[in-house]
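Coordinate inspection notes
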Amino acid sequence: MKQTTNVYDQLSEKVKAFVDRQHKDSYRLIDACRNPHTGLYGDAYYSFARNPEARCSVSATGVGLISLVVADYEGWDDQAAEKVKLTLNAVLGHVEGCKPARDAATGFFAHFIDMETGANLGSEISTIDTSLLVAGALFAGKHFKDKMPEIDEMAHELLEQIDWRVVIADKHRGIINMIVKDGQGIAPLPAYNEYVLVAHLAKIAQPEDPDIQELWDNTFAEHKINEFPMKYYRDIPVITDTNTKDPSDLKFLSSFVHQFPYFLVPDYAKSEIYNQYYENACTADRLKWKELTDVPSYVWGYGAGANDGLYNTYHADKIEDSPGNVASAYIVAGFLPVYPAGIHDLYALYRLHIPYDTYSNPRDRDDEVKYRAAYKYGLHRYSWWHLEGRDRWYPEKVTVIDWSSMLYGMTAFKRGMSFFTDRLR
């Protein structure tokens, strides 16, 4: 019998049914973005266009691999292991006609590639997107190790094909190169951010390299977490980055930045120190939304995502920088391990405003069709001021990497964080 958490077990049957449906839909959206010929995943799910799209995101492909682990565990997809195997074969260049674009010297992948051929679609060679791909591969490898050991072998082959030394911009200050160009690291970014994952993978891939170990030990190790720069919301310390020399100029980060290390870096998932700061980030996000007028307490979540059809741009929303105050329900899901009451916020949003599976509008069939298409797989981005009325916003797409917080959070809420920590490397 599969393990469930006490919090999940104590839910009413109605809320539990909502959780189960939204959890499964978090996988179904990702699966709808999968190319059946190569196993690669599109960057986003499109509400009003054909899926999957032609543009593969290597980070979305990493999310896809983790989604297949969830689907296998939950019994949603009996072909999950075979799908993982196809994806890894494509990533490694073993599928005929598909050679994913990589930096020849270091092995890092282009961010966006053609879904069928793997050709670079004019994008950068990205260290974080490659890391998200590798993290998904290793996660799947550990899960399927007994059932299909070749998956774990391919995952490690992928890990070891990459020269992680190029990510180091400054090992003393934890500065990591975001981009690789012609074998050289460029675009340095100071800690703290989602690039914790890059440093973690470098550490486990090349443990004998002293510079990589110093990069981790000097900045990212658990005992260093308290030394990250802090931006205070009221009296709550929230970890931020070091993009400025003046502490008064520090900015809050989008909540997804806190969530990716939590779910994908075992040292952080298990750390009491990081868990406290993770809870702080959640609290600050919630409290900031409460300062807005006419917004119910269940409306919150500063996440990144597409605003197509409303503001015509992708934006990483954060405290004090959120054009139009678009909320991301998947951010709420990502914080469920430290704020389980958030499940009732999601349920209230569903019941009162976005009943995506039951909504009807006999007086305006066009609205009904668009509304149900926009939220086909459940709650994601929404504007409180455009939920109803003649100026209703119908979100046109959901980016898979941002949607991953819904998959991870709902899985951890139902199965516990051990689902992740048992499978992380």
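What counts and what doesn't
Per chain, residues are indexed from 1 in the order of the written sequence. The predicted nature of this model means local features are confined to residues of pLDDT at least 70 and side-chain atom pairs, given and counted, to a pLDDT of 80 or more, with totals for whole chains, interfaces and linings taken over all residues. Values reported for side chains reflect all heavy atoms of the structure, with hydrogen atoms and water molecules removed beforehand. Numbering of helices and strands runs from the N terminus, with a helix taken as a DSSP run of H or I at least four residues long and a strand as a DSSP run of E at least two residues long. Here the globule rule is a power law, 2.2 Å times the number of residues to the power 0.38, and the radius of gyration is based on C-alpha atoms. What makes two residues a contact is simply this: any of their non-hydrogen atoms within 4.5 Å. Here the accessible surface of atoms and residues is derived via Shrake-Rupley with a 1.4 Å probe, and residues count as covered only by protein chains that are part of the display. In this tally, Lys and Arg are treated as positive and Asp and Glu as negative; His is ignored, and so are the chain termini. A charge is said to be at NZ when it belongs to Lys, at CZ for Arg, at CG for Asp and at CD for Glu. To define a nonpolar core, start from buried Ala, Val, Leu, Ile, Met, Phe, Trp, Tyr and Cys residues and group those joined through side-chain atoms within 4.5 Å. The rule is simple: take the accessible area with a 1.4 Å probe, protein chains only, and divide by the maximum for that residue type; under 20% is buried, over 50% is exposed, in between is partly exposed. In what follows, salt bridge is the name for a side-chain nitrogen of Lys or Arg lying within 4 Å of a carboxyl oxygen of Asp or Glu. Between any two strands, pairing holds if DSSP finds at least two bridges. Cysteine sulfur atoms are paired as a disulfide whenever they fall within 2.5 Å. Inter-axis angles, ranging from 0 to 180 degrees, are taken between N-to-C directions of lines fitted to C-alpha atoms, where helices are fitted over the stretch in contact. The labels follow the angle: roughly parallel below 35 degrees, roughly antiparallel above 145, roughly perpendicular from 65 to 115, and oblique for the rest. Each residue is assigned to one of three groups, with Ala, Val, Leu, Ile, Met, Phe, Trp, Tyr, Cys and Pro labelled nonpolar, Asp, Glu, Lys and Arg labelled charged, and all others, Gly among them, labelled polar. Centres within 6.5 Å are what make two rings of Phe, Tyr or Trp a pair, Trp counting through its six-membered ring; a difference in plane orientation under 30 degrees is then read as stacked, over 60 as edge-to-face, and the rest as tilted. Geometrically, a charge over a ring is one whose NZ (Lys) or CZ (Arg) sits within 6 Å of the ring centre while staying within 35 degrees of the ring normal.

Okay, the overall build of the protein next. The number of helices and strands found in the protein is 16 helices and 14 strands. Scaling as 2.2 N^0.38, a compact globule of 425 residues should have a C-alpha radius of gyration of about 22 Å, and the protein matches this with 21 Å. Across its three principal axes, the protein shows a C-alpha extent of roughly 65 × 50 × 45 Å. Sequence-distant contacts in the protein: of pairs separated by 6 or more residues, those separated by 24 or more amount to 64%. Of the accessible surface of the protein, which amounts to about 16,800 Å², a share of 47% is contributed by carbon and sulfur atoms. Looking at charge distribution, the protein has the averaged site of its 45 positive side-chain charges lying 5 Å from that of its 60 negative ones.

Moving on, we come to the nonpolar core. Counting 151 residues, the largest nonpolar core has Trp-164 and Phe-220 as the members making the most contacts within it. If near-sequence neighbours (up to four positions away) are discounted, Phe-220 is found in contact with Gly-174, Ile-176, Ala-191, Val-196, Ala-199, Leu-215, Phe-228 and Tyr-268.

Bringing unusual backbone geometry into the picture now. A cis amide bond links Asn-51 to the next residue, Pro-52, at an omega of -5°. Tracing the backbone shows Pro-52 in the loop between strand E1 (44–46) and strand E2 (55–57). Residue Ala-191 is joined to Tyr-192 through a cis peptide bond whose omega torsion reads 15°. Relative to the helices and strands, Tyr-192 is located in the loop between strand E7 (184–189) and helix H7 (196–205). At Asp-182, a residue that is not glycine, the phi angle is positive and equals roughly 55°. Locating Asp-182 in the fold gives a position in the loop between strand E6 (175–181) and E7. Take Asp-182: its relative accessible area is 68%, and that puts it in the exposed class. Phi at Asn-325 takes a positive value of approximately 50°, unusual for a residue other than glycine. The residue Asn-325 is located in the loop between strand E11 (314–316) and strand E12 (326–328) in this model.

Turning our attention to the pattern of salt bridges. One pass over the structure, following the stated rule, counts 23 salt bridges. The shortest N-O distance in the salt bridge between Asp-357 and Arg-21 comes to 3.0 Å. In this pair, Asp-357 is assigned in the loop between helix H13 (342–352) and helix H14 (365–374) and Arg-21 in helix H2 (residues 13–32), connecting sequence segments 336 residues apart. By relative accessible area, which is 27% here, Asp-357 ends up partly exposed.

Right, let's talk about H7 for a bit. Of all ten residues in H7, nine are buried, a share of seventy percent or more. Those residues of H7 that sit buried are Val-196, Leu-197, Val-198, Ala-199, His-200, Leu-201, Ala-202, Lys-203 and Ala-205. Against helix H5 (127–143), helix H6 (149–160), E6, helix H8 (210–220), helix H9 (255–264) and helix H10 (266–269) lie the buried residues of H7.

This paragraph deals with the environment of Leu-65. Following the sequence through the fold, Leu-65 ends up in helix H3 (residues 58–74). When the C-alpha atoms of Leu-65 and Met-1 are compared, they prove to be 24 Å apart, with 64 residues separating the residues in sequence. Beyond its immediate sequence surroundings of up to four residues, Leu-65 is in contact with Val-84, Thr-87, Leu-88, Leu-133, Gly-136, Ala-137 and Ala-140.

Let's shift gears to the pairing of E6. Taken together, the two bridges between strand E4 (residues 125–126) and E6 define a ladder with antiparallel strand orientation. For Ile-125, the partnering residue across the bridge sits in E6 and is Val-180. Alignment of strand E5 (residues 168–170) against E6, held across two bridges, turns out to be antiparallel. In the strand pairing of E6, Ile-168 is matched with Ile-176. Of the strand pairs in this sheet, E6 and E7 are connected by five bridges, and their pairing is antiparallel. Within the sheet, the bridge partner assigned to Ile-176 lies in E7 and is Leu-189. Hairpin geometry of E6 and E7 is characterised by an intervening segment of two residues between the two adjacent antiparallel strands and by a positive phi of about 55° at Asp-182.

The next thing to look at is the state of the cysteines. This model, assessed by the stated rule, comprises zero disulfides. Left unpaired, Cys-56 is separated from the closest cysteine sulfur, that of Cys-98, by 8.0 Å.

Remark: H2 packs on H13, axes separated minimally by 10 Å, with the N-to-C direction vectors making an angle of 90°. Of the possible angle classes, the one that applies to H2 and H13 is roughly perpendicular. Taken together, the residues of H13 that come into contact with H2 (itself represented by Lys-14, Val-15, Phe-18, Val-19 and Arg-21) are Ile-343, His-344, Leu-346, Tyr-347 and Tyr-350. Residues belonging to the contact of H2 with H13 are distributed by class as follows: seven nonpolar, one polar and two charged.

Pairs of aromatic rings are described using the distance from one ring centre to the other and the angle between the two planes. According to the stated counting rule, one finds 33 aromatic pairs in the structure shown. When the ring of Tyr-298 is compared with that of Trp-384, the centres are 6.5 Å apart and the planes differ by 75°; the resulting orientation is edge-to-face. Of this pair, Tyr-298 sits in the loop between helix H11 (272–290) and strand E10 (304–306) while Trp-384 sits in the loop between strand E13 (381–383) and strand E14 (397–399), and the two are 86 residues apart along the sequence. A single burial state applies to Tyr-298 and to Trp-384, both of which are buried. Between Trp-300 and Tyr-339, the ring centres sit 6.0 Å apart and the planes meet at 75°, which makes this aromatic pair edge-to-face. Taken together, the residues span a long stretch of sequence, with Trp-300 in the loop between H11 and E10 and Tyr-339 in the loop between helix H12 (329–334) and H13 at a distance of 39 residues. In this arrangement the basic side chain of Arg-286 is found over the ring face of Tyr-339, its NZ or CZ atom lying 3.9 Å from the centre.

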